[in-house]
Each structure stands twice: as structure tokens, then as C-alpha cells.
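Here is how the chains run, residue by residue.
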Amino acid sequence: MLRLKLCVLAMLAALSASSYGEEAPDGARRFGQGGKPSEAQIAEWRTRRAAQNGSESAPAAAAAMPHRHDDMPAAAPAGKPEEAGHGPVWPGGMALGMRGGALWLSDTPPMRGEGGRGGMRASGMAGMEMGGGHGAPVTKRVWLRSGNDPLKSGFAHDDAEAAVESVLVTPRSKPEGEPLPAADGHKGLSFEMPAQGFYRLYLTSRKLQGDTLAVAVAKMEVGNFTHDGDEDEVAAALQAPRALDSAPLEIVRERKQDEKKFFQLKSGDEQAFFVLQKGLPLQGARVRFVSHQGWVKEGVSDEMGRVSFQLVRDYYPPWDEFQKRFKATYLVIAETGSVESGSFNGQPYSGVRYQSTLSGNYYPSPDDYQSYAWGLGIGMGMLMFCGVAVYLYRRRRVKPYREEHFDEQH
Amino acid sequence: MNSTKPRLQALRDAVNHVQFNRFRFWFQFAAFVLFVYGGYISINLGSHMPFFSCGYNQEGRAGVCYLLPLQHQLGQPWPRLFGMAGIAVLTGFLMFALWFIVLNKGWCGFVCPLGTLQDWLTALRRRIGIRYSTYSQGQFAQLTRVKYLLLALLVLIPLGIGGGLFSHNMSPPFCLICPARMILPMFTGDFSQFTVDFSSKTSMIMTATGVSVMSLFLVGSFVKKRFFCFFCPMSALHYLLSKPALLKLKKDGSKCTRCGDCYNVCDMEIKEIADDVRTANIMTDDCTLCLKCVASCPEKGALQASFAGIPIFVSTEEGFIKRMGKGAHHGK
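The paragraphs below set out a description of the structure included in this document. All figures in this text were calculated on a predicted structure; none of them were measured in a lab.

Check the secondary structure of chain B and you find 17 helices and four strands. Intrachain contacts of chain B at a sequence separation of at least 6 include 70% that bridge at least 24 residues. Taken as a whole, chain B presents about 14900 Å² of accessible surface, with 66% of it coming from carbon and sulfur.

A count of helices and strands for chain A gives eight helices and 24 strands. In chain A, of all internal contacts separated by at least 6 residues, the share reaching a separation of at least 24 is 68%.

In this section: the interface of chain A and chain B. With 24 residues of chain A at the contact, the number on the chain B side is 31 residues. Here Asp197(B) and Lys324(A) are joined by a salt bridge, their closest N and O atoms 2.6 Å apart. Counting the contacts that link chain A with chain B gives nine residue pairs in polar contact (both at pLDDT 80 or more). Contributions of two or more residues to the side of chain A that touches chain B are made by strand E24 (370-371) and helix H8 (372-397) of chain A. Per element, the largest residue contribution to the side of chain A that touches chain B is twelve residues, and it comes from H8(A). A per-class count over the side of chain A that touches chain B returns twelve nonpolar, six polar and six charged. As judged from the two bridges shared by E24(A) and strand E1 (residues 196-197) of chain B, these two strands associate in the antiparallel manner. In the sheet register, Ser371(A) faces E1(B), and the bridge partner there is Val196(B).

Our focus in this paragraph is the packing of H8(A) against helix H12 (residues 201-223) of chain B. Where H8(A) contacts H12(B), the two axes come as close as 8 Å, and the packing angle between them is 35°. Crossing handedness for the pair H8(A) and H12(B): right-handed. Between H8(A) and H12(B), the contacting residues are Gly375(A), Ile378(A), Gly379(A), Met382(A), Leu383(A), Cys386(A), Gly387(A), Val390(A) and Arg394(A) on the first element and Ala208(B), Val211(B), Ser212(B), Ser215(B), Leu216(B), Leu218(B), Val219(B) and Val223(B) on the second. The class makeup of the residues in the contact of H8(A) with H12(B) is eleven nonpolar, five polar and one charged.

Turning our attention to the pairing of strand E6 (residues 138-146) of chain A. Residues and elements named next belong to chain A. Most of E6 sits inside the fold, with seven of its nine residues counted as buried. Note: E6 against strand E7 (residues 154-155), two bridges, orientation antiparallel. Paired with Ser 146 across the two strands is Gly 154, which belongs to E7.

Attention now goes to the packing of aromatic side chains. All names here are of chain B. This model, assessed by the stated rule, comprises 39 aromatic pairs over all chains. Between Phe 20 and Phe 110, the ring centres sit 6.2 Å apart and the planes meet at 80°, which makes this aromatic pair edge-to-face. Here Phe 20 is found in helix H2 (residues 20-37), whereas its partner Phe 110 is found in helix H6 (residues 106-111), with 90 residues between them in sequence. Since its relative accessible area comes to 3%, Phe 20 is described here as buried. For the ring pair Tyr 66 and Phe 93, a centre distance of 6.3 Å and an interplane angle of 55° mean the geometry is tilted. Taken together, the residues Tyr 66 in the loop between H2 and helix H3 (67-74) and Phe 93 in helix H5 (residues 85-103) connect sequence positions 27 residues apart. Tyr 66 gets classed as buried once you look at its relative accessible area, which sits at 0%. For Phe 93, a relative accessible area of 30% puts it in the partly exposed group. An aromatic cluster is built from Phe 25, Trp 26, Phe 29, Phe 32, Trp 120 and Phe 187, whose rings are joined through pairwise contacts. Sitting over the face of the ring of Phe 230, Lys 147 holds its NZ or CZ atom 5.6 Å from the ring centroid.

Residues and elements named next belong to chain B. In a regular helix each residue adds 1.5 Å, so 19 residues correspond to 27 Å; H5 covers 29 Å between its end C-alpha atoms and thus fits that length. Burial in H5 covers these residues: Ala 85, Gly 86, Val 89, Gly 92, Phe 96, Ala 97 and Phe 100. Along the long axis of H5, the arc covered by the buried residues comes to 140°, so they all point the same way. Opposite the buried face of H5, by more than 90 degrees, sit the exposed residues Leu 90 and Leu 94. As for H5, its buried residues are in contact with H3, helix H4 (78-81), H6 and helix H13 (233-241). Once H5 ends, the next one or two residues include Asn 104, with phi positive near 55°.

Next up on the list: unusual backbone geometry. Residues and elements named next belong to chain B. Omega for the bond connecting Ser 171 with Pro 172 falls within 30 degrees of zero, at -10°, which places this linkage in the cis form. The phi dihedral of Leu 291 falls on the positive side, at around 70°, and the residue is not glycine. Among the secondary structure elements, Leu 291 is positioned in the loop between helix H15 (272-275) and helix H16 (292-296).

The next subject is a nonpolar patch on the surface. Together, Val102(B), Leu246(B), Phe307(B), Ile310(B) and Ile312(B) line one region of the surface with nonpolar side chains, adding up to about 370 Å² of accessible area. Examined against the element boundaries, Ile312(B) turns out to sit in strand E4 (residues 310-314).

So, about the pairing of E4(B). All names here are of chain B. Looking at chain direction, strand E3 (residues 303-307) and E4 are connected through four bridges and run antiparallel. Across the sheet, Ser 306 pairs through a bridge with Pro 311, a residue of E4. As consecutive antiparallel partners, E3 and E4 are separated by two residues, and within that stretch Ala 308 has a phi angle of approximately 55°, a positive value.

Next up on the list: the pattern of salt bridges. Residues and elements named next belong to chain A. Counted under the stated rule, the structure contains 24 salt bridges over all chains. Among the ionic pairs, Glu 165 bridges to Arg 206, the shortest N-O distance being 3.8 Å. Of the two residues, Glu 165 sits in strand E8 (residues 163-169) while Arg 206 sits in strand E11 (residues 197-209), which places them 41 residues apart along the sequence. Of the residues examined, Glu 165 reaches a relative accessible area of 43% and is grouped as partly exposed. The class for Arg 206 is partly exposed, based on a relative accessible area of 24%. In this structure, Arg 306 and Glu 254 form a salt bridge, with 3.0 Å as the shortest nitrogen-oxygen distance. Of this pair, Arg 306 sits in strand E19 (residues 306-310) while Glu 254 sits in the loop between strand E13 (250-253) and strand E14 (265-266), and the two are 52 residues apart along the sequence. What you see here is one network of salt bridges that share partners, running through Asp 107, Lys 140 and Lys 327.

Turning our attention to the environment of Ser212(B). Tracing the backbone shows Ser212(B) in helix H12. Expressed as a C-alpha distance, the spacing of Ser212(B) and Ile177(B), which sit 35 residues apart in the sequence, is 8.3 Å. Ser212(B) has contacts with Ile378(A) and Met382(A), leaving out every residue within four places of it along the chain.

Reading the values: the criteria
- Residues numbered from 1 in each chain as written.
- Chains lettered and ligands numbered in written order.
- Predicted model: local features only at pLDDT ≥ 70, side-chain atom pairs only at ≥ 80, totals over all residues.
- Heavy atoms only, no water.
- Helix = DSSP H or I, 4+ residues; strand = E, 2+ residues; numbered from the N terminus.
- Contact = heavy atoms within 4.5 Å.
- Areas by Shrake-Rupley, 256 points an atom, 1.4 Å probe, with all protein chains shown as cover.
- Salt bridge = Lys/Arg side-chain N within 4 Å of Asp/Glu carboxyl O.
- Polar contact = N/O pair within 3.5 Å; in protein donor to acceptor, adjacent residues only side chain to side chain.
- Nonpolar A, V, L, I, M, F, W, Y, C, P; charged D, E, K, R; others polar.
- Pairing = 2+ DSSP bridges.
- Axes fitted to C-alpha atoms, helices over the stretch in contact; angles between N-to-C directions.
- Left-handed = near helix turned anticlockwise from the far one by under 90°.
- Buried < 20%, exposed > 50% of the residue type's maximum accessible area, 1.4 Å probe, protein only.
- Phe/Tyr/Trp six-rings, centres within 6.5 Å; stacked < 30°, edge-to-face > 60°.
- Lys NZ or Arg CZ within 6 Å of the ring centre and 35° of its normal.
- Expected span 1.5 Å × (residues − 1).
- Arc of directions from axis to C-beta.
- Patch = residues over 30% accessible without salt bridge, like charges linked within 9 Å, V, L, I, M, F, W, Y side chains within 5 Å.

Structure, rendered in C-alpha cells:
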């Protein structure tokens, strides 16, 4: 209990010294509505955390064991997923990742065989299908996949022992979302997107593995915007809450301050994520970022549940095969555990293992294929050429001065 | 009722005797500020503007030049384009036409930011004291067709892209070579268009051509008045729709003495404005409706601009004398 109090005090001290309030003084940048957390949001978290500490719920249990990763570096060295997946073992014997790899939602189906095709080429409109006719809402299809590598993950297989539920949060739905029928094999999950805004799909799987309950939350956030849409609707969508309070574990991508509705991540960008448990930031969660080609970087969430990664450039095709619109997929996997006892389908368990995934896309950085030097060089060269050409043309047409003398007497 | 007529006449006299160049300068300046920086105060007039309010000026634009969405729409896959998406193309074109008929080609002469920039380059050249260039009549006759060729390519290349005949890296073809793409964002501090794209051979050729055209634009506009307007495909598109437009340039040939003042001040070197004494609707495809010809005409009522049939600016001897007395820099 003393340890818990010390942790809470340390967290409060860190929060009061943080500059979040200065960076985002207005309510528009509140976490859950777009960017980093505001002071008001932090105060709300404190209150909710204090209330939950009294009821010994999951976040409280998580907060009760904040030192389990004290010996971990803030970000472990990068490596291929095969190396990381069989690497460190969690205290209490909890291996990284669920058995068979992480469950995650993707807007592209698995590829046939090996190869490095990007989502753009593989799926055309990235799982986006037009509706039945003009003006009909766009339908989005996503696939549930299993594995720790975006390129190699296959379809997730049906597991009769697992209890699966899907929740879709739309711009027009209740904040807690609405249930969605379960994934239908390889056909994936489909939903309509009638309004502009972000659609969040949560697929939660619960399964008993020995005396541990494995809870996996696969999340996907899909933006649906048009060029000529209702501006108020767009503004509301960009400010809408982005976390689900009932999610056992959730990853939220931090939005940058200048993000617009058609924002795209580029390789080389720094991107932060928040790990939330039941809507509250979770400190000490182990988070892995897996790039399109399977490069892995590990980190641990801080007291705000935040962890940051750089999207490494891992797209190096021959020049004549380079595509500037190549859509690469990243995968973020967050994991934590807690000592909780209970029963699931009549079977007792003594611990819970949480895993959450979030996938997204990123594209080649313009710096990889655009050159200012060449642009300015060609521009200046052409400017000088045209200028000199005009000068010489005019000079050539100037008639030499010639005096004419008239002798009026003759 | 009796006092209304003198007031109306006084107003007409005030307009007809206005220091036209000064009025036009400030009008153009205001339009430039509006369409290059208006986006910063949340002005958005849509994406069907009949002039070069460049869509690549993402932060500052107050509207988007219609040629950008038109090329994107025409670049859709054929089954979609010739299906329901065709309705969106037609709707967009209708919106463009509605904007256009209000000012006719006056959008070019008074509002277009790229046209305004050319006028400013001309003013700079005049201050430096460098003489301007002109085309011969033979060159004029040949070059005036270029804008129709560009308009045809502007339509056909996106259609080819939609049909899989050309690379998507070519889209939008005209915007990639339009000087406005590089120059207008520059006024908001955005130099991101000053690059050559090496992601594919097509992109490389198109962006390098774009940078070259921009340099050509700067040099050409410096030595030749309204250099780019002569090749502008938007101008060609305008002329195809100009019949029902509300703003018109009219000439009364019976009052014309063929003095040639109107031709001398014409930035586009349109000879018909002086020579043609038969046609009443004197606006040609190269005209930008800048109305400098009306301002320079000394014959009362020989030239006039009318809006929906109502004369709004008429040539008068008094106005001519007043403007000439102030030094109108005509013909330099």
C-alpha cells in the first residue's frame, strides 16, 4: 500500500511538472479529442483513478505492480520480429505475445505466398467499397489477422474456445459503440460509413489459457472524409473522443497539432501512442512497434501511458519499381498483465493477460524522392537561358545607328 | 423621381471618369489577397473557381481553380466516370459555369492571381525602363491556337489515365506544368512545389517541365504583357461558355474613328478591337476583359462594358482626357 501511495505521489509530481497544459491550453487539444491530455483531462483521470483504486478493479491492479518493468530500458533495440517474439519473458512466466501471434485488424487481406506487395497494390481501394449506387454510403471491409508481422500475418483462425465480440464506434453512435456481427471467416468484417469522421472497430477475444485469462483487443481506426463534405461535421469528427472507456486495453495514436482530415504518416516521422486501460493511461505497458517489413522497436509506456516510435524507412525497391503511394502497414502491440482471480465460462483463473493491437498505414517520405536542389537548379538554369535568349534576340534586332546627311542646297 | 435621374447620371459620370488604372490595381490587389490568403480567415468559396486560385496553396486559398477537380474527376476509371460519377462531373461543370457567367472573362482581367502577378511584373519592367515585346501578326495567329491544344490535352490525358492508357503519375497533367502551382503557394511561405519528383520517369519529366515552365513564365511575363494568358486553357474554356455571360464588352462601330488607342493599350494585342467596326460583341477568345480599351477610348459610347444589358462603364471624351492627364502609362 505504501508503494502504491509513493507511486501515485510520484505520478502527481510528474504531472504537475509537465508542460501539457502550456502546450495545449485549449479544450480543442484534449486527449481523447485529438492531441495530448489537458490539465482538465489529467485531473479527471486522477479522480477516476482514485475511485478505481478503492474498488480494486483492473487499472488498480495494474497500478499496484508498476515496478515490474523497472529494469527495462525505455526503448529496447530494434530487431526483426522473430528475434523479439521469442526473446524476453515477462515476470510470472508471461511470454510476449499471445499464442499464435497477436490478433490485429487490417484493411488488406493477407497476401498469397511471400513477397513485399504494399496494401495499395494488393487491395486497390484499401478495403473501401462504394455502396450500391450514387450517394450510397461507402462500405469498409477489414480482416482479422493473426501474427506479429504485417507482411506475414495470415487470417486469424476461428477458435471455438474463445469468446469474441466486436464493437463499432461511429461518429453518430453512442460513445460506447454498437455491437457488430462477428467476422465471417476470410470475408472479414464490413460496415457502412454514412457520415464523415472516424470509425473505430474493436474486436475483443477472451480465452482461458491454463489458469490465465487471455484478453486480446484488436482495434482499427478508419477515417472517412470527402473533399466537399459538411465542414461542421468534419470539425466535430476531428474533435470527437477517440477512446473507449470499456476497452480492457487500448492503443490510441497521438494526433499531431497540424493534422487534417487527409493526414498521412510518412516514413521517418515520429509517432506517439497512448496505452489506455478502461479509458485510463497505463504506465509500464510493454509496447512493440512493427514496421511493414517486420522491423521491431520496443518501448514502455510512461506515466501518461505514452510511448513514442520513429517510423523507420524500410521501403527500398529498385528505382524503376518505386511507388510514392506505396501504402505500408505498421502494427503496434501493447501488453500487460495483472493478478486477478475470477472465472470464465465456469473455469477459474488467477491472472489476466491483456494484449491490444492497433494497425495503421504510412507512406514513403517525400524527402526520399523529391529534390529541391534539382528543382531550383533546373529553374535557375531555365531562367538564365530564357533571359539570355531574350537579350540576345533583342540585341540582334537592334539596327546600328547610322547618320543620314542631307544637302539641302543640291 | 426628378432628383433620381441627375444622381444616376452623376454616378455614371463618376464611374466613366474614374482613374481606371488605379481602380483596377486596387481591385486586383484585393482579389489577390483574398484568393491567396483568404483561407487563413476560413474563407472557402468552393472548388469551381473560373480562375487560377491554386489548390496547391493549401493553407491560404479561398477557393480552388476548377481545372484541378476537373482533371481529377476525368481521371476516374471509365466505368465509374461514364456511370454515376458522370453526374458529379456535370454538376461540377454547372457550378463552374454559374460562377463564370457572372464576370465572363473579367475573372481573368480583374481577379485571377496569376494574371495580377503578370501585371505586377509588367509594372516592374516599366519602372526599370525596359521595353516590352510584341508578337507579329503571323506569330499571333499561330500562338493563339496553343490554348485550345492545352485544353484538349487537359481533358484527353486525364481520360487516358482513367482508361489505363497513361500513368497516374501524370495526374493532374496541366497542374503539374502550371506556374501557379509553384508561384502562388510561395506567397504563403510554401516552397514545397519547387521540387523535381524522382519517384518515376513520368513524374520526373512532368515536374521538371513544371519548373521550366515557371521560369519561362517569369521571363516571358517580364518582357511580354500577360504572356501566360495567351496560352491559358482556362481562357479557352471561358470563351466556349462566354455567350450567356452577364458582363460583356460592346462596340459601336459607327462611333469608332479607328484611332488605334484601344489596340495600343491592349495587353493581349487584339487587333480586332480597333479594326472591327461591324461586330457589336467585340470580345475575342484572347480578351481578358481588363477594360483598358474602354478607358483609353476618346469617343463617347464607342466602347462600353455592360452587365446584364446595363451599361456600367462607357468610353467618354472627358474620361479619356482626365485619364491621359494623369499619365496612364498606356502603350508602354
